[in-house]
Amino acid sequence: MIIYLKLSWRNVWRNKRRSLIVISSIAIGVFFMLISMALVNGMNYQMIDNTISTSLGHVAIHKKGFDDNMKISYSFNADSGIYEGLNNTPGIAGWAPRVKVQGIVRSSEASQGVMITGIEPGKEKGVSDIFNYMLNTDGSEFLDNPAAGDVLISEQLAKKLDVVTGDRIVIMFQDSRDEIAGEALTVRGMFRSPVDSFDKYVIFTGIKKLQKAAGMNDRISEISIRTDTRDESTVVKSGISPFIKDPEVQALTWQEMAPSMMSAIRLYDAMMFIFFGIIFITVIFSVANTMIMAVMERFHEIGVMKCIGTRPLNIFIMIIFEAVNLGLAGMAAGLLAGTVFNVVLGATGIDLSLFSESMRIWGTGSVIYPLIMFKDIAAAAVIVFLTAFLAAIYPAYKAAKIKPLEALNYI
Amino acid sequence: MKKREQSSVIEIKGLYKDYNSDGLAVHALNGIDLSIKKGEFTAIAGPSGSGKTTLLNIIGGIDRPGRGEVKVAGKNLNGMKRGELSDLRLNSIGFIFQAYNLIPVLTAVENVEYVLLLQGADKKERRERAESILRDVGLERELKRKPAEMSGGQQQRVAVARAMVSNPEIILADEPTANLDQSTGSALLDLMRNLNKERGITFLFSTHDSMVMKRAGRLINLRDGRIVAGKK
Ligand SMILES: Nc1ncnc2c1ncn2[C@@H]1O[C@H](COP(=O)(O)OP(=O)(O)O)[C@@H](O)[C@H]1O
Ligand SMILES: [Mg+2]
């Protein structure tokens, strides 16, 4: 078998120019495959991380139904069992209670429908990144007292409402008795997150202030949990669930809370695979074409090999090896180039601020850090290997079928 | 009678072969009876188109007999399966063609080794036998050369070495000197003749060159697919 590896490798280099063309076409295919996979991975994970860090959290404890209908009636009392769970489940980096109420914010200039989120400032820093997204211009600062009449709004919303730090705005919402409640709050600070929808629709105030204004007593809408890594969400969820005694209250992972984000990611992955399919169908044809030419050129030679006793299967294997050699050489070059490219750009990031508005809508931020993953490298390798193999089957079959007699007459 | 058959490497009785050329039947062989014994050095002579190649191809299991019986190394070729023919070619017959005998990407020694490899010899034995046979044909300095780096005469010598390395019953050579100049061709023939005399290797070769015919131990004249005269 080794002789056929040797033969096929030397045969590849008989027509250097032709082989190099095929090898580089495979390399370019692999290279673009890795780049686009890494870009999509980078975007997806940045979108996931941004969504988690702004609003979702890795795991959240809710009253059942809250996810579909964020009303005050879906609030609950966190009992000591839940707190015990939060303090004793491994993998939890931080947690914070929140009250969420849908309502309207108004200034003298404009109004906007928003999600009013009551937070405990100290705990919130350990869970979400709002603190990190704060602007520190014009006296803008984070909340400190959960009972104070302060509010944080995005820079974008401030513009729309035409307010600056220190101005007063009014929030209006349905309280726990389904009556319209209103509250005047002072803009304490502004933030700017990478997620457009978040900046448009979410404002923050102290949890105590909101509970009081809504007549909720100590009830909360959710406890948001940050896990050590995003992959631990399921483990933490099953760790915390036994501590929740109220059958109407449950823990959900970020995957469960954002099914549409997950299906968008899956759709994107599927589209990538269609794209790769197209790339590699062209690769199949270029390899097949090259191999057919190679077999035709060596018609006589293969005939001689068969005359002196080489079996058809061995000829078949030799031609398959030849195509696989082309594929592996192209793959090696493409993987190397793609990995280097992605590692470098993964560190520096690709600044897409030119398109930053649409990037913000997608929720990724304006700098994309390509993320190359081992499974993508493995997928590329397997695809190229299979492609080369498939492309070689027909030419190899043809070569195996060459009749020595015809080949001898053909010089 | 029985004894004679046993020492025959080739036994042919009433062999006919027709080709179909554009709907027209071409009678390439018209009733050949031939027996070749071990140790013979036989030339098949005849003008172009007389059926030399066809006869050698059938004996070598490259082409199929039409009508008639063909026995090589005691085995009847009629009705042999493709794989059996392949094994027969590998183990019992050595081939030397007119030109382009060798695998271009392999060196001289690798070309010779290739046959042994197909036969399943181990690496050390392969290398030793291939090198020693190449020395025997006078190519000790060309072991590592690829065919393109050797002259036509040297390439044919490698082909001779490859044909005999597997110790076949017979070596078939279809116009082995046709692509060589006079002196190179005659040197190749001397080499073959010496191998025949010293080691008893059986050769059957075709030619239309009178210089080559003169050196044959036995001459078979072909005309229009018939043996017209033989000399012993
Ligand atoms: N594959 C073939 N198809 C048709 N005719 C053939 C084929 N091979 C040989 N012939 C014919 O058979 C005859 C004998 O050919 P060949 O054995 O090649 O003669 P030689 O080798 O003596 O020149 C010629 O007339 C040739 O044209
Ligand atoms: Mg001929």
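Residues numbered from 1 in each chain as written. Chains lettered and ligands numbered in written order. Predicted model: local features only at pLDDT ≥ 70, side-chain atom pairs only at ≥ 80, totals over all residues. Heavy atoms only, no water.

Caption draft 1: Region of the structure containing the overall build of chain B. For chain B, the helix and strand inventory stands at eight helices and ten strands. By its C-alpha atoms, chain B is 45 × 40 × 35 Å across when sized along the principal axes. Out of the 232 residues in chain B, the part that is buried amounts to 54%. Contacts spanning at least 24 positions in sequence make up 68% of the contacts within chain B whose residues lie at least 6 apart. When the accessible surface of chain B is split by element, carbon and sulfur atoms take 46% of a total near 10500 Å². Of the side chains in chain B, 37 bear a positive and 28 a negative charge, and the two mean positions are spaced by 3 Å. (Helix = DSSP H or I, 4+ residues; strand = E, 2+ residues; numbered from the N terminus. Buried < 20%, exposed > 50% of the residue type's maximum accessible area, 1.4 Å probe, protein only. Contact = heavy atoms within 4.5 Å. Areas by Shrake-Rupley, 256 points an atom, 1.4 Å probe, with all protein chains shown as cover. Lys, Arg positive; Asp, Glu negative; His and termini not counted. Charge placed at Lys NZ, Arg CZ, Asp CG, Glu CD.)

Caption draft 2: Summary view of the overall build of chain A. Scanning chain A from N- to C-terminus turns up 15 helices and eleven strands. In terms of overall size, chain A is more extended than a compact globule, its C-alpha atoms giving a radius of gyration of 31 Å where 411 residues would be expected to give roughly 22 Å. Considered along the principal axes of its C-alpha atoms, chain A spans approximately 100 × 45 × 30 Å. Counting over 411 residues, chain A shows a buried share of 51%. Within chain A, contacts between residues separated by at least 24 positions form 78% of all contacts whose residues are at least 6 apart in sequence. Here chain A has roughly 18600 Å² of accessible surface; of this, 61% comes from carbon and sulfur atoms. Placing the 38 positive and 38 negative side-chain charges of chain A at their respective mean positions leaves the two points 12 Å apart. (Rg over C-alpha atoms; globule rule 2.2 N^0.38 Å.)

Caption draft 3: Spotlight on the interface of chain A and chain B. Chain A puts 22 residues into the contact, and the matching count from chain B is 25 residues. In this assembly, chain A packs against chain B so that about 2200 Å² is buried in total across both faces, 65% of it on carbon and sulfur atoms. If you sort the residues of chain A by the area they bury against chain B, R10, I308 and L405 of chain A come out on top, with a joint share of 28%. A salt bridge links R311 of chain A to D87 of chain B, with the shortest nitrogen-to-oxygen separation between them at 2.9 Å. Applying the counting criterion to the chain A and chain B interface returns ten residue pairs in polar contact (both at pLDDT 80 or more). Listed by contribution, the elements that provide at least two residues to the side of chain A that touches chain B are helix 1 (2-12), helix 11 (299-307) and helix 15 (404-409) of chain A. Of the residues assigned to the side of chain A that touches chain B, the class counts are eleven nonpolar, five polar and six charged. (Buried area = accessible area lost by both parts, 1.4 Å probe. Salt bridge = Lys/Arg side-chain N within 4 Å of Asp/Glu carboxyl O. Polar contact = N/O pair within 3.5 Å; in protein donor to acceptor, adjacent residues only side chain to side chain. Nonpolar A, V, L, I, M, F, W, Y, C, P; charged D, E, K, R; others polar.)

Caption draft 4: Expanded view of the confidence of the model for chain B. All names here are of chain B. Here chain B shows a mean pLDDT of 91. Residues at 70 or above account for 96%. Here residues 1-5 scores under 50 on pLDDT; set against residues more than four positions off or in separate chains, the count is six contacts. Scoring the predicted complex yields pTM 0.78 and, for the interface, ipTM 0.91. (pLDDT = per-residue confidence, 0-100.)

Caption draft 5: Structural detail: the site of ligand 1. Residue and element names in this part refer to chain B. Neighbouring ligand 1 are Y19, V26, A28, P47, S48, G49, S50, G51, K52, T53 and T54. Within the side chain of T53, one N or O atom sits 2.6 Å away from an oxygen atom of ligand 1. In the complex, the protein chains occlude 67% of the 560 Å² of accessible area that ligand 1 would expose alone. Among the secondary structure elements, those contributing two or more residues to the shell around ligand 1 are strand 2 (24-37) and helix 2 (52-59). At three residues, the largest contribution of residues to the shell around ligand 1 is made by helix 2. Here the shell around ligand 1 is composed, by residue class, of four nonpolar, six polar and one charged. (Near = heavy atom within 4 Å.)

Caption draft 6: Region of the structure containing the packing of helix 4 (residues 108-119) of chain B against helix 5 (residues 123-136) of chain B. All names here are of chain B. Packing of helix 4 against helix 5 brings their axes to within 9 Å, and their N-to-C directions diverge by 125°. Considered as vectors, helix 4 and helix 5 are oriented oblique to each other. Relative to helix 5, the crossing made by helix 4 is right-handed. Across the interface between the two elements, A108, V109, E110, V112, E113, L116 and L117 of helix 4 pack against R126, R127, R129, A130, E131 and L134 of helix 5. Residues that form the contact of helix 4 with helix 5 fall into these classes: seven nonpolar, no polar and six charged. (Axes fitted to C-alpha atoms, helices over the stretch in contact; angles between N-to-C directions. Parallel < 35°, antiparallel > 145°, perpendicular 65-115°, else oblique. Left-handed = near helix turned anticlockwise from the far one by under 90°.)

Caption draft 7: Structural context of the packing of aromatic side chains. For the structure shown, the criterion picks out twelve aromatic pairs over all chains. Ring centres 5.6 Å apart and planes at 75° place the aromatic pair W9 of chain A and W13 of chain A in the edge-to-face group. Relative accessible area serves as the criterion here: at 27%, W13 of chain A is assigned to the partly exposed category. On the basis of an interplanar angle of 70° and a centroid distance of 5.6 Å, the ring pair of F31 of chain A and F32 of chain A is categorised as edge-to-face. We note K125 of chain A situated over the ring of F131 of chain A; from NZ or CZ to the ring centre the distance is 4.5 Å. One residue, R67 of chain B, lies across the ring of Y16 of chain B, its end atom 4.2 Å from the ring centre. (Phe/Tyr/Trp six-rings, centres within 6.5 Å; stacked < 30°, edge-to-face > 60°. Lys NZ or Arg CZ within 6 Å of the ring centre and 35° of its normal.)

Caption draft 8: Looking closely at the side chain of Q156 of chain B. Mapped onto the elements, Q156 of chain B comes out in helix 6 (residues 152-165). For Q156 of chain B, a relative accessible area of 4% corresponds to the buried category.

Caption draft 9: Layout of the nonpolar core. Counting 122 residues, the largest nonpolar core has L7 of chain A together with L55, Y114, L134 and F205 of chain B as the members making the most contacts within it. Per-element accounting of this core gives the leading share, ten residues, to helix 12 (residues 312-348) of chain A. Setting aside residues up to four positions removed in sequence, L134 of chain B forms contacts with A108, V109, V112, L139, E140, L143, V158 and A161 of chain B. F76, L157, V187 and I223 of chain A belong to the second-largest nonpolar core, a separate cluster that totals 42 residues. (Core = buried A, V, L, I, M, F, W, Y, C linked by side-chain atoms within 4.5 Å.)

Caption draft 10: Region of interest: the pairing of strand 9 (residues 249-253) of chain A. Residues and elements named next belong to chain A. A large share of strand 9 lies buried, amounting to four of its five residues. With five bridges connecting them, strand 1 (residues 59-63) and strand 9 associate as antiparallel partners. Considered in strand 9, the bridge of A60 is made with L252. (Pairing = 2+ DSSP bridges.)

Caption draft 11: Spatial organisation of the side chain of T253 of chain A. All names here are of chain A. With respect to the helices and strands, T253 occurs in strand 9. Since its relative accessible area comes to 4%, T253 is described here as buried. In this structure T253 touches H58, V59, S233, T234 and K237, once residues within four positions along its chain are discounted.

Caption draft 12: Representation of the environment of G79 of chain B. Here G79 of chain B lies in the loop between strand 5 (75-76) and helix 3 (82-92). In this structure the C-alpha to C-alpha distance between G79 of chain B and R215 of chain B, which are 136 residues apart in sequence, comes to 36 Å.

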